[in-house]
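Below are the chains, spelled out letter by letter.
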Amino acid sequence: MSVTIDQLLQSPVQQVKEITKKVIDGVRISDEDAVWMFQHGELSTLGVLANYVREKKNGMFTYFNRNFHIEPTNICVFSCKFCSYSQEYKHKEEGWELTIEQMLDKVKAYDGQAITEVHIVGGVHPKMDLEFFGTLLEKIKAHRPDLHIKAFTAVELDYMFRKAKKTTEEGMKYLISKGLNSIPGGGAEIFDEPTRLEIAGDKCSSEVWLGIHETAHQQGIRSNCTMLYGHIETYEHRVDHMRRLRDLQDRTGGFQTFIPLKFRNHDNDMSNVPEVTLVEDLKVYAIGRIYLDNFDHVKAYWPMIGRSTAQLTQSFGVDDLDGTIDDSTKIYSMAGAEEQVPVLTTDQLVDLIRHSGRVPVERDTLYKKIKVYDEEVTA
Ligand code: V47
Ligand code: SF4
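Residues numbered from 1 in each chain as written. Chains lettered and ligands numbered in written order. Predicted model: local features only at pLDDT ≥ 70, side-chain atom pairs only at ≥ 80, totals over all residues. Heavy atoms only, no water.

(A) A look at the overall build of the chain. Per the secondary structure count, the chain includes 17 helices and eleven strands. Each of the 379 residues in the chain was classed as buried or not, and the buried ones make up 59%. When contacts within the chain are restricted to residue pairs at least 6 apart in sequence, those whose partners lie at least 24 apart make up 76%. Of the accessible surface of the chain, which amounts to about 15800 Å², a share of 53% is contributed by carbon and sulfur atoms. (Helix = DSSP H or I, 4+ residues; strand = E, 2+ residues; numbered from the N terminus. Buried < 20%, exposed > 50% of the residue type's maximum accessible area, 1.4 Å probe, protein only. Contact = heavy atoms within 4.5 Å. Areas by Shrake-Rupley, 256 points an atom, 1.4 Å probe, with all protein chains shown as cover.)

Right under this line is the structure:
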């Protein structure tokens, strides 16, 4: 039976060839290409393409940093259905709220240790306002000026700015003057408005989330971005989400890394939604790496996905594993993270990366190389 040209052009082989050619030629893939890859892309092919991009951008390096987390509170004025964190407080009344001194004590506990970053994120507490967090930043900086403070999701920032009756520009300027160095990627969830409304109805809109990151970039600080996937969103929603990130990155270049976050269904109002498979996880990393051609890095948050998957992701586009952190990160352990006690020593993380066939690199928050393992430092 002969095959017509039209049939051939529509065939998966032809589609793969066209996408492969774009990737090899460094031509940006379209939204349709990305949706097609989610629908029909064969995992090993996606892996090869994502790995091509990953090695072109980052060679054999896999980055990590030494950080610790502070979660000021799990009390939250919002009620995202996927959140196990605030549910814990609402249903079991196991709420906590730390004072500035308690948070400072957590910072002091790392005195003398080679930590480069503190990551501060929590629920949106009605009483922890702009001034409270300004004072916290100021005190951390006074105690340890060299510590990079990556703090507050756009959701927390939006709430504290509105409450203080400040514009985004004013609020951001104030926090930067107090010591804020960059913004983490949380709160992005999924940008498609009806889906966002369904799972995270009462928190800041996609437009506001993107606007806050754009303002941060304009004021000279970098930020990360996330995508919560594997719940009720469609493939088109994932691509729409990444397109909005890619567009903003075209304008500002301020994003450092893209972090896909797998929805976990333990103990939240979406526990009836099954979790997606490992194959789907790897596809998200791979397609994210291929689609976001203007991003330098794709990060896997290993406490959530577990060590084995973290190793695998490095063959599907990932060049960064979240840092060595202590066991105080509750937002994920409550939702069913693979690592209930997410502690890896630096040596363990270095070994994990080595056993994936990559070269471990300790970095600072801004991806400056601090130490390249197994090789002389080249930069
Ligand atoms: O915004 C909440 C997610 C995020 C669940 O920027 C859940 O370096 C899955 O953004 N299943 C906060 N995900 C964590 C975050 C993050 C983590 C590591 C590094 C960085 C960074 C940022 O956690 C929330 C939300 O999207 N989340 N509940 C859940 N059930
Ligand atoms: Fe609050 Fe964040 Fe949980 Fe939403 S995800 S309820 S904003 S802590």
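Continuing now.
(B) The site of ligand 1, seen in detail. As a structural note, the neighbourhood of ligand 1 is formed by 23 residues, with Phe82, Lys150, Gly185, Gly187 and Glu189 the closest of them. Interatomic distance of 2.7 Å between a backbone N/O atom of glycine 187 and an oxygen atom of ligand 1. Glutamate 189 is positioned with one of its side-chain polar atoms (N or O) 2.4 Å from an oxygen atom of ligand 1. Burial of ligand 1 by the protein amounts to 96% of the accessible area it has alone, namely 620 Å². Taken together, the elements giving at least two residues each to the shell around ligand 1 come down to strand E6 (222–229) and strand E7 (255–262). In terms of residue class, the shell around ligand 1 is built from ten nonpolar, seven polar and six charged. (Near = heavy atom within 4 Å. Polar contact = N/O pair within 3.5 Å; in protein donor to acceptor, adjacent residues only side chain to side chain. Nonpolar A, V, L, I, M, F, W, Y, C, P; charged D, E, K, R; others polar.)

(C) Highlighting the packing of helix H2 (residues 12–25) against helix H4 (residues 43–58). Between H2 and H4, the least distance of the axes is 10 Å, while the angle of their chain directions is 10°. By the angle between their axes, H2 is roughly parallel relative to H4. Counted together, Val16, Ile19, Thr20, Val23 and Ile24 of H2 and Thr45, Leu49, Tyr52, Val53 and Lys56 of H4 form the full contact between these two elements. (Axes fitted to C-alpha atoms, helices over the stretch in contact; angles between N-to-C directions. Parallel < 35°, antiparallel > 145°, perpendicular 65-115°, else oblique.)

(D) Main features of the packing of aromatic side chains. In this structure the tally under the stated criterion is eleven aromatic pairs. Consider the rings of tyrosine 63 and tyrosine 367, whose centres lie 5.6 Å apart with planes at 80°: the pair is edge-to-face. Placement of the pair is tyrosine 63 in strand E1 (residues 61–64) and tyrosine 367 in the loop between strand E10 (359–363) and strand E11 (369–372), with a sequence separation of 304 residues. Geometrically, the ring pair formed by phenylalanine 255 and phenylalanine 295 is stacked, given 5.6 Å between the ring centres and 20° between the ring planes. With a gap of 40 residues between them, phenylalanine 255 in strand E7 and phenylalanine 295 in the loop between helix H13 (278–291) and strand E8 (297–300) connect regions that are remote in the sequence. Across this residue pair, the class does not change: phenylalanine 255 and phenylalanine 295 are buried. Through successive ring pairs, a cluster of aromatic residues spans Phe191, Trp209, Phe255 and Phe295. Over the ring of tyrosine 291 we find arginine 246, and its NZ or CZ is 3.8 Å from the ring centre. (Phe/Tyr/Trp six-rings, centres within 6.5 Å; stacked < 30°, edge-to-face > 60°. Lys NZ or Arg CZ within 6 Å of the ring centre and 35° of its normal.)

(E) Spatial organisation of empty space enclosed by the protein. For the coordinates displayed, the defined rule picks out four cavities of 30 Å³ or more. Quantified by volume, the second largest cavity comes out at close to 60 Å³. Taken together, Gly123, Val124, His125, Met128, Phe133, Glu156, Tyr159 and Met160 make up the full set of residues lining the second largest cavity. A total of three residues in the lining of the second largest cavity trace back to one element, the largest contributor, which is helix H8 (residues 154–163). Each residue belonging to the lining of the second largest cavity can be placed in one class, and the counts come to five nonpolar, two polar and one charged. (1 Å grid on protein atoms, 1.4 Å probe; cavity = no way out; pocket = protein on both sides within 12 Å on 5 of 7 lines; lining within 4 Å. Points joined across faces, edges and corners; volume = space filled by probe spheres on them.)

(F) Up close: unusual backbone geometry. With a phi angle near 45°, glutamate 189 is a residue other than glycine that sits in the positive phi range. Following the sequence through the fold, glutamate 189 ends up in the loop between strand E5 (182–183) and helix H10 (193–200). By relative accessible area, which is 8% here, glutamate 189 ends up buried.

(G) Structural detail: the side chain of threonine 226. In this fold, threonine 226 is placed in strand E6. For threonine 226, a relative accessible area of 4% corresponds to the buried category. A distance of 2.6 Å separates a polar side-chain atom of threonine 226 from the backbone oxygen of glycine 185. When residues no more than four places from it in sequence are discounted, the contact partners of threonine 226 are Gly185, Gly186, Gly187, Ala188, His241, Leu245, Phe258, Ile259 and Leu261.

(H) A look at the side chain of lysine 141. For lysine 141, the position within the fold is in helix H7 (residues 130–143). In this structure lysine 141 is buried but unpaired, with aspartate 146 as the nearest side chain of opposite charge at 7.4 Å. At 3.4 Å, the side chain of lysine 141 and the backbone oxygen of proline 145 are in polar contact. Those residues within four positions of lysine 141 in sequence are excluded, and the remaining contacts are Leu147, His148, Ile149, Lys178, Gly179 and Asn181. (Lys, Arg positive; Asp, Glu negative; His and termini not counted. Salt bridge = Lys/Arg side-chain N within 4 Å of Asp/Glu carboxyl O.)

(I) Representation of the pattern of salt bridges. All chains considered together, the criterion is met by 25 salt bridges. Here glutamate 55 and arginine 358 are joined by a salt bridge, their closest N and O atoms 2.8 Å apart. Of the two residues, glutamate 55 sits in helix H4 while arginine 358 sits in the loop between helix H17 (346–354) and E10, which places them 303 residues apart along the sequence. The class for glutamate 55 is partly exposed, based on a relative accessible area of 33%. For arginine 358, a relative accessible area of 7% gives the class buried. Its salt-bridge partner being arginine 244, residue aspartate 240 comes within 3.2 Å of it at the nearest N-O pair. You can see aspartate 240 and its partner arginine 244 sitting in helix H12 (residues 235–252), four residues apart, about one turn around the helix.

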